[in-house]
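Structural description and commentary
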Amino acid sequence: MTKDLCILGSTGSIGRQALDVVDKCGLRVTALTACKNVDIIEGQIRRYHPAYAAMSDEASAADLKARVADTGTKVLSGHDGVCECARASGADTVLNAIVGIAGLEPTLAAVEAGKNVALANKETLVAGGRLVTRAVREKGVALLPVDSEHSAIFQSLQGSPGKKAVHKLILTASGGPFFGKKRAELEHVTAEQALNHPNWSMGPKITVDSASMMNKGLELIEAVWLFDMRPSDIEIVIHRESIVHSLVEYVDHSVIAQLGLPDMRIPIQYALTYPERFESPVGRLNLAEVGRLTFYEPDYETFPLMNICRSAIERGGLYPAYANSANEEANLLFRQGKIKFMQIAHLVADAVERAPRCEDYTLQDVLEADVHAREMVRTHIQA
């Protein structure tokens, strides 16, 4: 069980919910990091008294340093400062709740320093899965999933007699706000509509990813690395109620699932207290109140990003990194009103098709792919 915790991305949705778990379980916070939200992290510093804090935005770091000069917290700045918090904060576990590929290097820094990682940053494994899993094996640390779907699979695998007993993994998806709509109906949807998720409270990037179903494609890639599975052994099913968080089908055709209310504090707490379980700040699931659970096949024609991601991980190398970074850029442009919703999938598919073939890769290769994929997207919309 975690005792001392570093939270990367403490002012975001996952970070704030993680602090609810900290309060419930009595954990000690050794470091907090954020990007620009100085007001929230200042309050967190004054409440939790971490030894370190970092802001990836340099101006915000200077502001925070002046504000908390009366505390004992050392304030670091920039991407290097975030990595230093992951590496040197004295925590035994680093919870990575950073959004996007910016979370990759801090994850590697934590692993290299011998820290266990509770991973809520799916882009880490999507873009650099081979690098991260190799480092985890070499350092002998734990990589614990925080995403509700991967936590559900992880929990459903407890007690499994081994990988050979597993037939397939089944990722559930809410379907987002546009479930049941066809392509023509989505041509002119707005960012405001895409950000109206029916079940989950998440940050804007992830919420739009849920609307486009890119989130499920990213989770498929993440599951390949987390559970050492072939892409063909991972299935996606739409489950509107978000009560069954994912399932494992075994070779004897029995299926084990994890159920719970759609509240991220459940998987966050399990990652931080594993292998133990404690009372949660989340309410109890009452199936009679839920009433019914429904399941549907995904609409791959209307939401092609799931299959684009499946193709990318099947091809391997840097293809998933290109898919991830192109999506990050397109997602942002959509939220800024610069492209239409349906252009996101087109731009991601184009970046994957133009990505260079690369069987193995280094961290530098991934970082260069990130820059290249984003340039592809920006150049495409400017043409």
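Now for a look at the structure at hand. (Residues numbered from 1 in each chain as written. Predicted model: local features only at pLDDT ≥ 70, side-chain atom pairs only at ≥ 80, totals over all residues. Heavy atoms only, no water.)

All right, on to helix 6 (residues 123-139) then. Taking 1.5 Å of rise per residue, the 17 residues of helix 6 would be expected to cover 24 Å, yet its terminal C-alpha atoms sit only 21 Å apart, more than 12% below that figure. At Gly129, helix 6 is deflected by roughly 100°, the largest bend along its length. Taking burial as the measure, the 17 residues of helix 6 include twelve buried ones, the bulk of the element. Turning to helix 6, its buried residues are Glu123, Thr124, Leu125, Val126, Ala127, Gly128, Gly129, Leu131, Val132, Thr133, Ala135 and Val136. (Helix = DSSP H or I, 4+ residues; strand = E, 2+ residues; numbered from the N terminus. Expected span 1.5 Å × (residues − 1). Bend = angle between axes of the 7 residues up to and from the residue. Buried < 20%, exposed > 50% of the residue type's maximum accessible area, 1.4 Å probe, protein only.)

With that settled, the discussion passes to the packing of helix 7 (residues 148-156) against helix 11 (residues 214-227). Two elements in contact, helix 7 and helix 11, have axes separated by 10 Å at closest approach and are oriented at 35°. Of the two elements, helix 7 crosses helix 11, and the hand of that crossing is right-handed. Along the contact surface, helix 7 presents Glu149, His150, Ile153 and Phe154, while helix 11 presents Lys216, Glu219, Glu222, Ala223, Leu226 and Phe227. The residue inventory of the contact of helix 7 with helix 11, partitioned by class, reads five nonpolar, one polar and four charged. (Axes fitted to C-alpha atoms, helices over the stretch in contact; angles between N-to-C directions. Left-handed = near helix turned anticlockwise from the far one by under 90°. Contact = heavy atoms within 4.5 Å. Nonpolar A, V, L, I, M, F, W, Y, C, P; charged D, E, K, R; others polar.)

The next subject is the pattern of salt bridges. Any two side chains of opposite charge can pair, given that their charged atoms come close. Throughout the structure, instances matching the rule amount to 28 salt bridges. Residues Lys216 and Glu149 are paired through a salt bridge, measuring 2.9 Å at the closest nitrogen-oxygen approach. On the criterion of sequence distance, the pair formed by Lys216 in helix 11 and Glu149 in helix 7 is long-range, its members being 67 residues apart. Relative accessible area serves as the criterion here: at 5%, Lys216 is assigned to the buried category. (Salt bridge = Lys/Arg side-chain N within 4 Å of Asp/Glu carboxyl O.)

On to helix 17 (residues 363-382). With 20 residues, helix 17 should cover 28 Å at 1.5 Å per step; its first-to-last C-alpha distance of 29 Å lies within 8% of that length. The complete set of buried residues in helix 17 reads Val366, Ala369, Asp370, Ala373, Arg374, Met376 and Val377. Relative to the axis of helix 17, the buried residues are bounded by an arc of 150° and lie together on one face. Across helix 17 from its buried face, at more than 90 degrees, point the exposed residues Thr379 and Gln382. Each element contacted by the buried residues of helix 17 is listed here: helix 5 (104-112), helix 6, helix 15 (319-335) and helix 16 (343-354). (Arc of directions from axis to C-beta.)

Bringing the sheet that holds strand 6 (residues 116-119) into the picture now. With respect to topology, seven strands assemble into an open sheet ordered 4-3-2-1-5-6-7, the strand pairing being parallel. Strand pairing shows two members of the sheet lacking a second neighbour, strand 4 (74-77) and strand 7 (143-145), which therefore form its edges. Here the average twist between neighbouring strands, direction ignored, is 20°. Judged from the five bridges that link them, strand 1 (residues 4-8) and strand 2 (residues 28-34) form a sheet pairing that is parallel. Looking at the pairing, Leu8 lines up with Thr33 of strand 2. Against the sheet, helix 5 contacts strand 1, strand 5 (93-96) and strand 6, and its axis sits at roughly 150° relative to strand 6. (Pairing = 2+ DSSP bridges.)

Let us now look at the layout of surface pockets. As a volume, the second largest pocket reaches approximately 260 Å³. Lining the second largest pocket are 15 residues, with Ile266, Gln269, Arg277, Phe278 and Ser280 positioned closest to its centre. Examining the composition of the lining of the second largest pocket, we find that four residues originate from one element, helix 12 (residues 265-273), more than from any other. Split into classes, the residues belonging to the lining of the second largest pocket amount to six nonpolar, seven polar and two charged. (1 Å grid on protein atoms, 1.4 Å probe; cavity = no way out; pocket = protein on both sides within 12 Å on 5 of 7 lines; lining within 4 Å. Points joined across faces, edges and corners; volume = space filled by probe spheres on them.)

Next up on the list: the environment of Thr11. Structurally, Thr11 is set in the loop between strand 1 and helix 1 (13-25). For the pair Thr11 and Ile170, spaced 159 residues apart in the sequence, the C-alpha separation amounts to 31 Å. With residues near it in sequence (within four places) discarded, Thr11 still touches Arg16, Thr33, Ala34, Asn37, Ile40, Ile41 and Gln44.

This paragraph deals with the sheet that holds strand 8 (residues 166-173). Strand pairs in the sheet, formed through backbone hydrogen bonds, run parallel or antiparallel to each other. Taken in spatial order, the four strands of this open sheet run 9-8-10-11, and their pairing is mixed. Sheet topology places strand 9 (234-238) and strand 11 (255-259) at the edges, where each strand pairs with a single neighbour. Across the sheet, the mean angle separating the axes of adjacent strands is 20° when strand polarity is ignored. Relative to strand 11, strand 10 (residues 244-250) runs antiparallel, the two being bridged by five bridges. Bridge pairing in strand 11 links Glu249 to Val255. Across the sheet, helix 7 is in contact with strand 8, strand 10 and strand 11; its angle to strand 10 comes to roughly 40°.

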